[in-house]
Amino acid sequence: QLQLVESGGGLVQPGGSLTLSCAASGSSFRIYAMGWYRQAPGKQRELVAAITRGANIIIADSVKGRFTISRDNAKNMVYLQMNMLKPEDTAVYYCNADPIIRVLTTPGDFWGQGTQVTVSS
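This report concerns the structure included in the present document. Please read all numbers here as calculations on a predicted model, not as lab measurements.

The next thing to look at is the overall build of the protein chain. Along its length, the protein chain carries zero helices and eleven strands. Counting from the amino terminus, helix and strand elements in the protein chain follow one another as β-β-β-β-β-β-β-β-β-β-β. Rg of the C-alpha trace for the protein chain: 13 Å, near the compact-globule value of 14 Å for 121 residues, within the 12% margin. Taking the principal axes of the C-alpha coordinates as reference, the protein chain spans close to 40 × 25 × 25 Å. With 121 residues in all, the protein chain has 45% of them scored as buried. Within the protein chain, counting contacts between residues at least 6 apart in sequence, those at least 24 apart form 58% of the total. Put simply, the protein chain shows about 5900 Å² of open surface, and 51% of that area lies on carbon and sulfur atoms. Computing the positive centroid from 11 side-chain charges and the negative centroid from 8, the protein chain places the two 4 Å apart.

Structurally, the position occupied by Met82 is in strand S8 (residues 77-82). A relative accessible area of 0% means that Met82 is categorised as buried. If sequence neighbours within four positions are ignored, Met82 has contacts with Gly16, Ser17, Leu18, Leu20, Arg66, Phe67, Tyr93 and Val117.

Okay, the state of the cysteines next. By the definition in use, this model includes one disulfide. Each disulfide pairs two cysteine sulfurs, and for Cys22 the partner residue is Cys95, the sulfurs being separated by 2.1 Å. Disulfide Cys22-Cys95: torsion about the S-S bond near -85 degrees, hence left-handed. Here Cys22 is found in strand S3 (residues 18-25), whereas its partner Cys95 is found in strand S9 (residues 91-98), with 73 residues between them in sequence.

This next bit is on the nonpolar core. Ranked by size, the top nonpolar core spans 31 residues in total, and within it Leu4, Met34, Trp36, Leu80, Met82 and Tyr93 carry the most contacts. Taken together, the elements giving at least two residues each to this core come down to S3, strand S4 (33-39), strand S5 (46-51), strand S7 (67-72), S8, S9 and strand S11 (115-119). Apart from the residues lying within four places of it in its own chain, the contact partners of Tyr93 are Glu6, Leu20, Trp36, Tyr37, Arg38, Val48, Phe67, Leu80, Met82, Gly114, Thr115 and Val117. Formed by six residues, the second largest nonpolar core is a distinct cluster that contains Tyr37, Leu47, Val103 and Leu104.

The tally for this structure, following the rule as stated, stands at three aromatic pairs. Sitting above the plane of the Tyr94 ring, Arg45 keeps its charged end 3.8 Å from the centroid.

Before going further, it helps to spend a moment on the side chain of Thr115. Structurally, Thr115 is set in strand S11. A polar side-chain atom of Thr115 sits 3.2 Å from the main-chain amide nitrogen of Gly9. The residues touching Thr115, leaving out its near neighbours within four places in the chain, are Glu6, Ser7, Gly8, Gly9, Leu20, Ala91, Val92 and Tyr93.

With five of six residues buried, S5 is to be regarded as a mostly interior element. Of the strand pairs in this sheet, S4 and S5 are connected by five bridges, and their pairing is antiparallel. Residue pairing in the sheet places Arg38 in a bridge with Glu46 of S5. Count of turn residues in the S4/S5 antiparallel hairpin: six residues, of which Gly42 carries a positive phi of about 80 degrees. Here three bridges tie S5 to strand S6 (residues 57-59), and the two strands are oriented antiparallel to one another. The residue bridging Ala50 from the neighbouring strand is Ile58, located in S6. A loop of five residues connects S5 with S6, the two strands running antiparallel in sequence, and Ala55 in this loop sits at a positive phi of about 70 degrees.

The rules behind each value
Residues numbered from 1 in each chain as written. Predicted model: local features only at pLDDT ≥ 70, side-chain atom pairs only at ≥ 80, totals over all residues. Heavy atoms only, no water. Helix = DSSP H or I, 4+ residues; strand = E, 2+ residues; numbered from the N terminus. Rg over C-alpha atoms; globule rule 2.2 N^0.38 Å. Buried < 20%, exposed > 50% of the residue type's maximum accessible area, 1.4 Å probe, protein only. Contact = heavy atoms within 4.5 Å. Areas by Shrake-Rupley, 256 points an atom, 1.4 Å probe, with all protein chains shown as cover. Lys, Arg positive; Asp, Glu negative; His and termini not counted. Charge placed at Lys NZ, Arg CZ, Asp CG, Glu CD. Disulfide = S-S within 2.5 Å. Core = buried A, V, L, I, M, F, W, Y, C linked by side-chain atoms within 4.5 Å. Phe/Tyr/Trp six-rings, centres within 6.5 Å; stacked < 30°, edge-to-face > 60°. Lys NZ or Arg CZ within 6 Å of the ring centre and 35° of its normal. Polar contact = N/O pair within 3.5 Å; in protein donor to acceptor, adjacent residues only side chain to side chain. Pairing = 2+ DSSP bridges.

Don't take any of this as a statement about function, it's just geometry.
Shown next as structure tokens:
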């Protein structure tokens, strides 16, 4: 079983930046496809970015050019670098993982508890 713990959320002004981190433990991290999802109030959870075992990356159109995802297998970490943040990026951001699914355009089985990102002036 894999445990995921997110950190790095907070309040930021429009145009600002944040880096979210997801620490994984309890299993062999490098076999997992990883991703970040977000859920805004009243909306469905949506994919933000995904990274495969081989470090291939998918970025949602809504954040393309502003967000990037990376992983460090030596540290069992995955990161979401968010630049040029907009109020519509306000949501709870969740780390997601799966050992079978190749790319997490479909959510995997393992979730973190989420971290709140609020973009407001």
